Amino acid sequence: MTEALADPGSVTVVIPCRDEADALPGVLAAIPPGYHALVVDNGSTDATAAVALARGARVVSEKRPGYGAAVQAGIAAASTELVAVLDGDGSMDPAELPGLVELVRAGADLAVGRRVPSQSGIWPWHARLGNRLIARRLRRKYGLPVHDIAAMRVSRRAAMLSLGPLHNRFGYPLELLVGAAGAGWRVVERDITYGPRTGGVSKVSGSWRGSLIATRDFLTVLR
Ligand SMILES: Nc1nc2c(ncn2[C@@H]2O[C@H](COP(=O)(O)OP(=O)(O)OP(=O)(O)O)[C@@H](O)[C@H]2O)c(=O)[nH]1
Ligand SMILES: [Mg+2]
């Protein structure tokens, strides 16, 4: 059965956030007109939810911890035909979302951003190397035309839901790509600008603990 969509013409921007109160105001200010910001918070100990609400975003709290759990809760809670996902740390520019939306409207099932650093030194070497190796595997083993792990992406909500539950932590973007390949989706990649986080603290690539957890999650998916 098709669900009734409250606002079929628009786009929900799902923003997974853990302790992003510092960076979030800038991210929300750059959301394109007519797009709906939906911040998914699980486990923040700062004012992330209050900051988001004060700036007009919808806030969903998810009990299960993890990046993937947050993204999936946001997609489930959205009520638009298209959903976009990007980080809440200010490293990606929401103004680049319409470019990805256009690709989906033109026929892609999943449009993903390939991060191009805006300056040197913002993407730690170990994260970059890992990313390159993973992307190569995604091309060779799964035939996906990607050079990054789809940190920013746009798709149809119904398509995302059709893949079923995916990884709850940092394996989510990879499992989504693998699922997309398995389902025969048309995946299209386009360059996006990648800057330094504009506030707060890294949960993944900027810490050894985060990097180790993410690597373990990645390997679980790509085994
Ligand atoms: N809701 C939620 N969001 C999370 C969780 N872990 C990470 N995030 C969010 O996922 C996004 C990516 O995490 P980052 O800490 O930026 O990871 P990164 O990009 O590797 O690290 P930086 O180099 O510091 O940008 C950010 O918006 C985080 O707030 C989580 O457990 N729950
Ligand atoms: Mg980041």
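Rules behind the numbers
- Residues numbered from 1 in each chain as written.
- Chains lettered and ligands numbered in written order.
- Predicted model: local features only at pLDDT ≥ 70, side-chain atom pairs only at ≥ 80, totals over all residues.
- Heavy atoms only, no water.
- Patch = residues over 30% accessible without salt bridge, like charges linked within 9 Å, V, L, I, M, F, W, Y side chains within 5 Å.
- Areas by Shrake-Rupley, 256 points an atom, 1.4 Å probe, with all protein chains shown as cover.
- Salt bridge = Lys/Arg side-chain N within 4 Å of Asp/Glu carboxyl O.
- Lys, Arg positive; Asp, Glu negative; His and termini not counted.
- Charge placed at Lys NZ, Arg CZ, Asp CG, Glu CD.
- Helix = DSSP H or I, 4+ residues; strand = E, 2+ residues; numbered from the N terminus.
- Buried < 20%, exposed > 50% of the residue type's maximum accessible area, 1.4 Å probe, protein only.
- Polar contact = N/O pair within 3.5 Å; in protein donor to acceptor, adjacent residues only side chain to side chain.
- Contact = heavy atoms within 4.5 Å.
- Near = heavy atom within 4 Å.
- Nonpolar A, V, L, I, M, F, W, Y, C, P; charged D, E, K, R; others polar.

**Looking at a positive patch on the surface**
Alright, step 1. Together, Arg114, Arg128, Arg132, Arg136, Arg139 and Arg140 give the surface a local cluster of positive charge.
Alright, step 2. With respect to the element layout, Arg114 can be found in strand E5 (residues 110-117).
Alright, step 3. Overall, Arg114 belongs to the partly exposed group, its relative accessible area being 33%.

**Regarding the side chain of Arg153**
Alright, step 1. Along the chain, Arg153 turns up in strand E6 (residues 153-156).
Alright, step 2. No salt bridge forms around the buried Arg153; measuring N to O, its nearest opposite-charge neighbour Asp87 is 6.2 Å away.
Alright, step 3. Of the polar contacts made by the side chain of Arg153, one reaches the backbone oxygen of Ala150; its length is 2.7 Å.
Alright, step 4. Discounting chain neighbours no more than four positions away, the residues touching Arg153 are Tyr67, Val71, Val83, Ala84, Val85, Leu100, Leu110, Ala111, Val112, Tyr172, Pro173 and Leu176.

**Points about the site of ligand 1**
Alright, step 1. Inspection of the region around ligand 1 gives 19 residues, with Glu20, Asn42, Asp89, Ser202 and Lys203 positioned closest.
Alright, step 2. Between an oxygen atom of ligand 1 and a side-chain N or O atom of Ser202, the distance comes to 3.0 Å.
Alright, step 3. Coverage of ligand 1 by the protein chains reaches 92% of its 630 Å² of free accessible surface.
Alright, step 4. Where the shell around ligand 1 is concerned, the elements lending two or more residues are strand E1 (11-17) and helix H3 (67-77).
Alright, step 5. In the shell around ligand 1, the residues fall into eight nonpolar, five polar and six charged.

**Thoughts on unusual backbone geometry**
Alright, step 1. One non-glycine residue, Asp19, lies in the positive phi region at around 55°.
Alright, step 2. Tracing the backbone shows Asp19 in the loop between E1 and helix H1 (24-29).
Alright, step 3. Within the chain, Ala150 stands out as a residue other than glycine whose phi angle is a positive 65°.
Alright, step 4. Mapped onto the elements, Ala150 comes out in the loop between helix H5 (125-142) and E6.
Alright, step 5. Given a relative accessible area of 1%, Ala150 falls into the buried group.

**Quick word on the pattern of salt bridges**
Alright, step 1. Inspection of the entire model under this criterion finds seven salt bridges.
Alright, step 2. In this structure, Arg156 and Glu81 form a salt bridge, with 3.1 Å as the shortest nitrogen-oxygen distance. Residue Arg156 is located in strand E6, and its partner Glu81 is located in the loop between H3 and strand E4 (82-85); the two are separated by 75 residues in the primary sequence.
Alright, step 3. Judged by its relative accessible area of 28%, Arg156 falls in the partly exposed class.
Alright, step 4. Ionic pairing is found between Arg115 and Asp148, a salt bridge with its closest N-O pair at 2.8 Å. Linking Arg115 in strand E5 with Asp148 in the loop between H5 and E6, this pair joins segments that are 33 residues apart in sequence.
Alright, step 5. Among the residues examined, Asp148 registers a relative accessible area of 0% and is labelled buried.
Alright, step 6. When salt bridges that share partners are traced, they join Glu20, Asp89, Arg197 and Lys203 into one network.

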